[in-house]
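# Examining the three-dimensional arrangement
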Amino acid sequence: MIRLSGVSRTFEGRSGRVEALRGIDLDVAEGEFVAVLGRSGCGKSTLLRLIAGLLPLSAGEITVAGTPITRPRQDIAMLFQKPALLPWRTVLDNVLLPVEIFGWSRAKHRERARQLLDVAGLAGFEKRLPHELSGGMQQRVSLCRSLIGEPRVMLMDEPFSALDALTREELSGELQRVHMENKPTIVFVTHSIDEAVLLADRVVVLSPRPGRIRKVVEVAIPRPRTLGRNAHLADVAQVSADLHELLMEREQPASVGAEGH
Ligand SMILES: Nc1ncnc2c1ncn2[C@@H]1O[C@H](COP(=O)(O)OP(=O)(O)OP(=O)(O)O)[C@@H](O)[C@H]1O
Ligand SMILES: [Mg+2]
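Parameters at a glance
- Residues numbered from 1 in each chain as written.
- Chains lettered and ligands numbered in written order.
- Predicted model: local features only at pLDDT ≥ 70, side-chain atom pairs only at ≥ 80, totals over all residues.
- Heavy atoms only, no water.
- Phe/Tyr/Trp six-rings, centres within 6.5 Å; stacked < 30°, edge-to-face > 60°.
- Helix = DSSP H or I, 4+ residues; strand = E, 2+ residues; numbered from the N terminus.
- Buried < 20%, exposed > 50% of the residue type's maximum accessible area, 1.4 Å probe, protein only.
- Expected span 1.5 Å × (residues − 1).
- Contact = heavy atoms within 4.5 Å.
- Polar contact = N/O pair within 3.5 Å; in protein donor to acceptor, adjacent residues only side chain to side chain.
- Patch = residues over 30% accessible without salt bridge, like charges linked within 9 Å, V, L, I, M, F, W, Y side chains within 5 Å.
- Areas by Shrake-Rupley, 256 points an atom, 1.4 Å probe, with all protein chains shown as cover.
- Salt bridge = Lys/Arg side-chain N within 4 Å of Asp/Glu carboxyl O.
- Lys, Arg positive; Asp, Glu negative; His and termini not counted.
- Charge placed at Lys NZ, Arg CZ, Asp CG, Glu CD.
- Pairing = 2+ DSSP bridges.
- Axes fitted to C-alpha atoms, helices over the stretch in contact; angles between N-to-C directions.

Within an unreviewed UniProt entry, the label attached to the protein chain reads ABC transporter ATP-binding protein, and the organism entered is Micromonospora parva.

Written as structure tokens, this is what we have:
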């Protein structure tokens, strides 16, 4: 569904060049949930913005459903780290924003918007303004907005990282449910190992500066998953430990073998 070949991105600024990503090759299958895990500054947001068509490539190619990405598309939804709601629009009108932007039928989507808000625990808040809601509620509104067009692809940039642990777990559960029901293809950026293990079919671990793929780790744990006590605790612990090691690993200089002889 999503194919990246030889994707690189360098930023040229007054203060010099920053090579953010180098030679990224990745295939994400239709309906797959891929987490991109890496330390701060390793190029995760850049990668998502490239896939979303919000930023041009320096080299390589990205296709979604076989078509090269050159600009944002209606069937790709992006969810940012901060809620990014329009402060003067009601909750309902914020959820309906893509409907206006893309000129879809408002009558048809109104009912769906209400249903989404209902499922997200926001029934009764349709007419409120964003500042009347907590941060967690605002991010839930953003999640509803990203789901209104039933996107085939969802790109999510640390969407729950500003939330408290419990709200975060709740929304992760909600996202798992959406994924199991509608099967959108999801690329989810995070620096949380827990979140990656809870949500992803595969975890792409990026190494920093320039961002490259260090390893792709499969998470073969049955869904729905929870981080609490469950039958797969040992598997969760094993994958988490593997990811932790990969994240902590220092880059080896090219001339020194990994075995060190
Ligand atoms: N618009 C830009 N202009 C110049 N440099 C940029 C720009 N955007 C990103 N960079 C640089 O590219 C690198 C990767 O940034 P990016 O935001 O993709 O990292 P990240 O992995 O998302 O980090 P975080 O986890 O902190 O969000 C950084 O070194 C950053 O300084
Ligand atoms: Mg980022």
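Moving on, we get to the packing of aromatic side chains. Following the criterion strictly, the structure yields 3 aromatic pairs and no others. Between Phe 33 and Phe 188, the ring centres sit 5.9 Å apart and the planes meet at 45 degrees, which makes this aromatic pair tilted. Note that Phe 33 is positioned in strand β3 (residues 33-37) and Phe 188 in strand β8 (residues 185-190), a separation of 155 residues in sequence. Take Phe 33 and Phe 188: they sit in the same class, and that class is buried. One aromatic cluster is present, built from ring pairs that chain together Phe 33, Phe 160 and Phe 188.

What follows is about helix α6 (residues 165-182). Helix length check: α6, at 18 residues, gives a terminal C-alpha distance of 26 Å against a target of 26 Å (1.5 Å per residue), a fit within 8%. Buried-residue contacts for α6 involve β3, α4 (106-119), α5 (135-147), β7 (153-157), β8 and α7 (193-199). Regarding α6, its N-cap is Asp 164, as a side-chain oxygen of that residue lies 3.1 Å from the backbone nitrogen of Leu 166 further along. Looking at the residues trailing α6, positive phi occurs at Lys 183, about 55 degrees.

Let us now look at the side chain of Arg 89. By the secondary structure assignment, Arg 89 is in the loop between β6 (76-79) and α2 (91-95). Within polar-contact distance, the side chain of Arg 89 engages the side chain of Glu 100 at 2.8 Å. The residues touching Arg 89, leaving out its near neighbours within four places in the chain, are Asn 94, Leu 97, Glu 100, Arg 128, Leu 129 and Pro 130.

A few words now on a negative patch on the surface. On the surface, a cluster of negative charge is contributed by Asp 164, Glu 169, Glu 170 and Asp 194. Looking at the element boundaries, Asp 194 is found in helix α7. Asp 194 sits in the partly exposed class, given a relative accessible area of 42%.

Next up on the list: the sheet that holds strand β10 (residues 212-218). With mixed pairing, the 6 strands of this open sheet are ordered in space as β6-β7-β8-β3-β9-β10. With partners counted over all chains shown, the strands left at the sheet margins are β6 and β10, one partner each. Across the sheet, the mean angle from the axis of one strand to that of its neighbour is 15 degrees, orientation sign disregarded. Note: β3 against β8, 5 bridges, orientation parallel. Residue Leu 37 lies in a different strand from β8, and its bridge partner there is Thr 190. Here helix α1 (residues 44-52) sits on the sheet in contact with β3, β6, β7, β8 and β9 (202-207), set at roughly 155 degrees to β7. Contacting β6 and β7, α5 runs over the sheet at an angle of about 170 degrees to β6.

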